[in-house]
Amino acid sequence: AVSAARHAVELDPQYGRARATLGWAYLKLGRTEEGLAELEQGAALTQHDPMFLGQLGEAYGLTGNVEKARAVLHQLTEAARQEYVTPYYRAYVHTGLGEYDSAIDCLEQSLAEGTGGLYGLKASFLFAPLRGHPRFTALLKKLNLEEEDGYRIADETGMSRDAIRMAIKRAVAELARRMGDAAS
């Protein structure tokens with residue numbers, strides 16, 4: 001996963017999604033400093049797009065950088081006062097901080113508003129810590145995404161190899177599309 005994500009970054013060092021993907025791959029391997037640095041670059045390259053900012057906040061929380069995670073949560077809340085920002089992105093940060101009820105509150109608000117990437121909620125490694133929480137299970141049921149017996153979406157790291165491969169394939173495909181558009 002790291003080599004494919006690194007290749008995407010080499011193709012376009014200014015592509016924030018590739019940086020974020022590489023950052024998560026590093027974090028899942030325990031390479032915290034490198035992972036956070038890539039996620040920070042990804043957020044910066046996307047002009048602090050709320051999605052990438054929320055993921056950075058989650059990573060801060062997961063790695064014990066509580067102050068930075070709280071600062072990101074504040075930044076997302078302030079941005080939402082100026083323009084619409086789906087509560088789905090705040091759910092990332094609450095998950096990273098271990099505030100599962102607050103994370104699920106945000107996800108439920110996102111469902112009520114019809115926003116966010118709820119279709120991918122079940123398989124997202126970013127919400128793996130919520131699995132097994134009764135409210136999260138109920139939310140999946142509302143979305144017709146309830147867990148099947150024996151369904152395994154992630155390994156012990158919370159991120160399946162298939163999920164990593166798919167994220168990288170999407171990032172590389174998007175990069176190829178962007179490079180094709182730029183060449184025309």
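In this report, we go over the structure that sits alongside the text. Note that the coordinates shown come from a computational prediction; the quantities given were computed from them, not determined experimentally.

### Topic: the overall build of the chain
Counting its secondary structure elements, the chain contains nine helices and zero strands. Put simply, the chain runs from its N terminus to its C terminus through helices and strands in the order α-α-α-α-α-α-α-α-α. Out of the 184 residues in the chain, the part that is buried amounts to 45%. Sequence-distant contacts in the chain: of pairs separated by 6 or more residues, those separated by 24 or more amount to 54%. Only carbon and sulfur atoms are counted for the fraction: they give 51% of the accessible area of the chain, which is about 9600 Å².

### A word on the nonpolar core
Grouped together as the largest cluster of nonpolar side chains are 36 residues, with contacts concentrated most on Tyr88, Leu107, Leu121, Phe127 and Phe136. Mapped onto this core, the elements with two or more residues apiece are α2 (16–28), α3 (32–45), α4 (50–62), α5 (66–82), α6 (87–96), α7 (100–113) and α8 (134–142). Looking at which element gives the most residues to this core, the answer is α4, with six residues. If sequence neighbours within four positions are ignored, Phe127 has contacts with Tyr88, Ala91, Tyr92, Thr95, Leu107, Leu121 and Phe136. Core analysis: the next-biggest nonpolar cluster, separate from the first, contains twelve residues, Ala5, Tyr15, Leu22 and Ile168 among them.

### Considering the environment of Ala69
Its place among the elements puts Ala69 in helix α5. Residue Ala69 is classed as buried on the basis of its relative accessible area of 0%. Linking Ala69 and His94, residues 25 residues apart in sequence, is a C-alpha distance of 8.6 Å. The residues touching Ala69, leaving out its near neighbours within four places in the chain, are Gly57, Tyr60, Gly61, Val93 and Leu97.

### Describing the side chain of Asp12
Its place among the elements puts Asp12 in the loop between α1 (2–11) and α2. The contact partners of Asp12, leaving out residues within four places of it in the chain, are Leu175 and Arg178.

### Brief notes about α1
Restricting attention to buried positions, one finds in α1 the residues Val2, Ala5, Ala8 and Val9. What you see down the axis of α1 is that its buried residues fit within an arc of 125 degrees, all on one side. Away from the buried face of α1 by more than 90 degrees, exposed residues Ser3 and Glu10 are located.

### Some words on the packing of α2 against α3
It is at 7 Å that the axes of α2 and α3 come closest, and there the two elements cross at 160 degrees. The angle between the axes of α2 and α3 places the two elements in the roughly antiparallel class. Crossing of α2 over α3 shows left-handed handedness. Contacts between α2 and α3 involve Gly16, Arg19, Ala20, Leu22, Gly23, Trp24, Tyr26 and Leu27 on the former and, on the latter, Thr32, Glu34, Gly35, Leu36, Glu38, Leu39, Gln41, Gly42 and Leu45.

### Comments concerning the pattern of salt bridges
Any two side chains of opposite charge can pair, so long as their charged atoms come close to each other. In total, this model carries seven salt bridges according to the counting rule given. Ionic pairing is found between Arg135 and Asp105, a salt bridge with its closest N-O pair at 2.6 Å. Of the two residues, Arg135 is situated in helix α8 and Asp105 in helix α7; the sequence distance between them amounts to 30 residues. Residue Arg135 is classed as partly exposed on the basis of its relative accessible area, which comes to 25%. Asp105 sits in the partly exposed class, given a relative accessible area of 41%. Several salt bridges converge on common partners, so that one network encompasses Asp101, Asp105, Glu108 and Arg135.

Conventions and cut-offs
Residues numbered from 1 in each chain as written. Predicted model: local features only at pLDDT ≥ 70, side-chain atom pairs only at ≥ 80, totals over all residues. Heavy atoms only, no water. Helix = DSSP H or I, 4+ residues; strand = E, 2+ residues; numbered from the N terminus. Buried < 20%, exposed > 50% of the residue type's maximum accessible area, 1.4 Å probe, protein only. Contact = heavy atoms within 4.5 Å. Areas by Shrake-Rupley, 256 points an atom, 1.4 Å probe, with all protein chains shown as cover. Core = buried A, V, L, I, M, F, W, Y, C linked by side-chain atoms within 4.5 Å. Arc of directions from axis to C-beta. Axes fitted to C-alpha atoms, helices over the stretch in contact; angles between N-to-C directions. Parallel < 35°, antiparallel > 145°, perpendicular 65-115°, else oblique. Left-handed = near helix turned anticlockwise from the far one by under 90°. Salt bridge = Lys/Arg side-chain N within 4 Å of Asp/Glu carboxyl O.

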